[in-house]
Amino acid sequence: MQSPFNTERLSRELTNLMERTRDRQLRLAVTGLSQAGKTAFLTSLVNQLRHAGLEAQLDLLPAAREGRLLGAQRLTQPDLGVPRFPYDAALSALNAKPPRWPEPTRGISELRLQLRYRPAQRGWLTPEFSHLTLDLFDYPGEWLLDLPMLAHDFDSWCQAQTQHNGVHRQALFSAWQTGVEQLDPAAEADEAQLADLAAAYADGLKQAKQAGFSDLQPGRFLLPGELDGAPVLQFFPLPDIELSTEQRQALPENSVYATLAKRFRYYQQHIVKPFYRDHFRRFDRQIVLVDVLGALNAGPERFEDLSRALQQLMHSFDYGQRSLLTRLFSPRIDRLAIAATKADHVTPDQHGNLVRLLEGLLAEPLKDLRFADIPVKALSLAAIRATQAREVNQQGQRLAALYGTTLEGEEVLIYPGDVPARLPDEHFWQQQGFDFPHFRPMGSSHEALAHIRMDAAIDWLLGDKLA
Ligand code: GDP
């Protein structure tokens, strides 16, 4: 008979134990451009984990399906300088009468959870219960749009910014454009004038954001937080400077050109870099949320723009040996999810197309990620489901439909349209288009929030840590 104390098994048990100790902590970051659904996602994530083991529907997460995930408790976060994610306020909004969407967060925020679970396989040394400390971060995807700024000097950045020449977009910057055309780069800088023009530029960016554009730099102009009004945010690109490099460099320090170039460098060093160095570099896993349906709803120019913004944003996950990011910060994200949010805006038969469309939008970055051997998964989800899938009978045919309440309180039963499986072409925009209303959340009255595929997202992001 074989002794139970064989050395092979003992060493396997010890390795497991060490693994478990090492894996006790995970830093998971959630990002996306504003309105992508970050606040809703993080609220739902915390809510699902807290209700795991109770009534949360998490069948796609093995630890929950097998009854091993016992729940999650909030702990005091370690980074005292980072605002706490306002989970309670978000839940109160969702449970208000009538229910409201939570106020979106504006900068980085954090929440620490401790998950309690029963390990899948018990051995001599495995304790009955294990814990995973989960640090959740939420930060604006707009900040990632600034990464390419680190590869530019002021001149090449100005050139890059003048490449945005869509008619609609240019019109939004017309106030700034008129002012900047009269500005002489060699003249002595007038602080008040630069502040006004910077405000006009920021205004253009904000209007462009509202109109559904996403490829917008500098990102902090959109969400300035505590930097609102600070001189570091008082710069803008100078279009068409008719001076040679030597002439520009010879301009005095107090010239318009030198002042703007100096602020640009300060922004690079003191705003863009510290975010990557102090936060981004330390994330273990990341989910990038994309409002694909919102862009489809907004029309071809915004959809194109979202595509450009995503290409840029995804550079922050390009870990090729020679990438700017790797050289500067050596990040360590080892797993990535990209998710098309608000999937409850389309009928379930369209969810497959939604994922394919997301993959189409991110085709190039996905290739780079696979090449760099970073595991990545694309999925569609609704963090907080606001509609119910129904079937309607139309002339003897059963058709998929959605039932929900609009933000204005009207109950509707609609078919919002087909999601194209590939990047939409001219024909799609002319013939088909896409139209859906915004829905009011359903409220949860202290039960787990209804969702679509949050469990699949949780499994991909941390399921392996609950084995
Ligand atoms: P953030 O700016 O990225 O934090 O975006 P939010 O989480 O605030 O979401 C922006 C808006 O999108 C919300 O106010 C809702 O109107 C909508 N939204 C977000 N998630 C969902 C979802 O899962 N389903 C539906 N129907 N709407 C959502």
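Whatever comes next refers back to the structure up there.
Analysis parameters
Residues numbered from 1 in each chain as written. Predicted model: local features only at pLDDT ≥ 70, side-chain atom pairs only at ≥ 80, totals over all residues. Helix = DSSP H or I, 4+ residues; strand = E, 2+ residues; numbered from the N terminus. Buried ≥ 20, exposed ≤ 12 C-beta atoms within 10 Å, placed from the backbone. Pairing = 2+ DSSP bridges. Axes fitted to C-alpha atoms, helices over the stretch in contact; angles between N-to-C directions. Arc of directions from axis to C-beta. Near = placed C-beta within 6 Å. Nonpolar A, V, L, I, M, F, W, Y, C, P; charged D, E, K, R; others polar. Core = buried A, V, L, I, M, F, W, Y, C linked by C-beta atoms within 7 Å. Contact = placed C-beta atoms within 7 Å. Parallel < 35°, antiparallel > 145°, perpendicular 65-115°, else oblique. Left-handed = near helix turned anticlockwise from the far one by under 90°. Expected span 1.5 Å × (residues − 1).

1. Thoughts on unusual backbone geometry
Point 1. Look at the link from lysine 97 to proline 98: it is a cis peptide, with omega at -5°.
Point 2. Relative to the elements of secondary structure, proline 98 occurs in the loop between α4 (87-94) and β3 (109-117).
Point 3. Cis rather than trans, the peptide bond between glutamine 217 and proline 218 has omega equal to -5°.
Point 4. Residue position: proline 218 is located in the loop between α8 (191-210) and α9 (245-249).
Point 5. Of note in this structure, aspartate 373 is not a glycine but carries a positive phi near 65°.
Point 6. Under the C-beta neighbour-count criterion, aspartate 373 is labelled exposed, with 8 such atoms within 10 Å.
Point 7. In the Ramachandran plot, arginine 453 falls in the positive-phi region, its phi being about 60° despite a non-glycine side chain.
Point 8. As for its placement among the helices and strands, arginine 453 is situated in the loop between α16 (426-432) and α17 (454-462).

2. Observations regarding the sheet that holds β3
Point 1. The strand order across the open sheet built from 7 strands is β2-β3-β4-β1-β5-β6-β7, with neighbouring strands paired in mixed fashion. Edge positions in the sheet fall to β2 (69-75) and β7 (376-380), since each of these pairs with one other strand and no more. Within this sheet the neighbouring strands show an average axis-to-axis angle of 25°, counted without direction.
Point 2. Alignment of strand β1 (residues 25-32) against strand β4 (residues 130-140), held across 8 bridges, turns out to be parallel. The residue bridging glycine 32 from the neighbouring strand is proline 140, located in β4.

3. Observations concerning α4
Point 1. Of all the residues in α4, the buried ones are Tyr87, Ala90 and Leu94. Seen end-on, α4 carries its buried residues on one side only, within an arc spanning 65°. Summarising the geometry of α4, the exposed residues directed more than 90 degrees from the buried face are Asp88 and Ser92.

4. Regarding the site of the ligand
Point 1. Taken together, 21 residues form the shell around the ligand, and within it Lys38, Thr39, Ala40, Trp101 and Pro104 come nearest.
Point 2. Element by element, the count of residues in the shell around the ligand is highest for helix α2 (residues 38-51), at 3 residues.
Point 3. Class assignment for the residues of the shell around the ligand results in 9 nonpolar, 9 polar and 3 charged.

5. Some details on the nonpolar core
Point 1. Ranked by internal contacts, the top residues of the largest apolar core, which has 118 residues, are Leu136, Val290, Val292, Leu358 and Ala457.
Point 2. Here this core takes 10 residues from helix α10 (residues 256-278), the largest share from any one element.
Point 3. In this view, alanine 457 contacts Ile287, Ala337, Ala339, Leu379 and Leu381; residues no more than four positions away in its chain are not counted.

6. Re the packing of helix α7 (residues 174-181) against α8
Point 1. The interhelical angle for the contact between α7 and α8, taken along N-to-C directions, is 150°, at an axis separation of 8 Å. On the basis of the axis angle, α7 is roughly antiparallel to α8. As α7 packs across α8, the resulting crossing turns out to be left-handed. Across the interface between the two elements, Ala175, Trp176, Gly179 and Val180 of α7 pack against Leu197, Ala200, Tyr201, Asp203 and Gly204 of α8.

7. Overview of the sheet that holds strand β10 (residues 411-414)
Point 1. Spatial ordering of the open sheet is given by β8-β9-β10, a layout of 3 strands whose pairing is antiparallel. The open sheet is flanked by β8 (387-394) and β10, the only strands paired with a single partner. This sheet shows a mean twist of 30° between the axes of neighbouring strands, independent of strand direction.
Point 2. The pairing of β8 with strand β9 (residues 397-405) spans 8 bridges and is classified as antiparallel. By the bridge assignment, alanine 389 is partnered in β9 with leucine 402.

8. Thoughts on the pairing of β10
Point 1. Of the pairings in the sheet, the one linking β9 to β10 comprises 4 bridges and is antiparallel in character. Within the sheet, the bridge partner assigned to threonine 405 lies in β10 and is glutamate 411.
Point 2. Linking β9 back to β10 in an antiparallel pair, the connection comprises 5 residues, with glycine 409 at a positive phi of about 95°.

9. Quick notes on the packing of α2 against α4
To characterise two packed helices, one gives the angle between the axes of the helices and the distance between these axes.
Point 1. Contact geometry for α2 and α4: axes closest at 10 Å, N-to-C directions at 95°. Taken together, α2 and α4 sit at an angle that is classed as roughly perpendicular. Residues Thr39, Thr43 and Val46 of α2 pack against Tyr87, Ala90 and Leu91 of α4.
Point 2. Residue composition of the contact of α2 with α4, grouped by class: 4 nonpolar, 2 polar and no charged.

10. Observations regarding helix α12 (residues 300-313)
Point 1. Here α12 is 14 residues long and its end C-alpha atoms lie 20 Å apart, about the 20 Å a rise of 1.5 Å per residue gives.
Point 2. Burial in α12 covers these residues: Arg302, Phe303, Asp305, Leu306, Ala309, Leu310 and Leu313. Burial along α12 is one-sided: seen end-on, the buried residues are contained in an arc of 160°.
Point 3. Those residues of α12 that are buried are in contact with β5 (285-290), α11 (292-298) and α14 (351-361).

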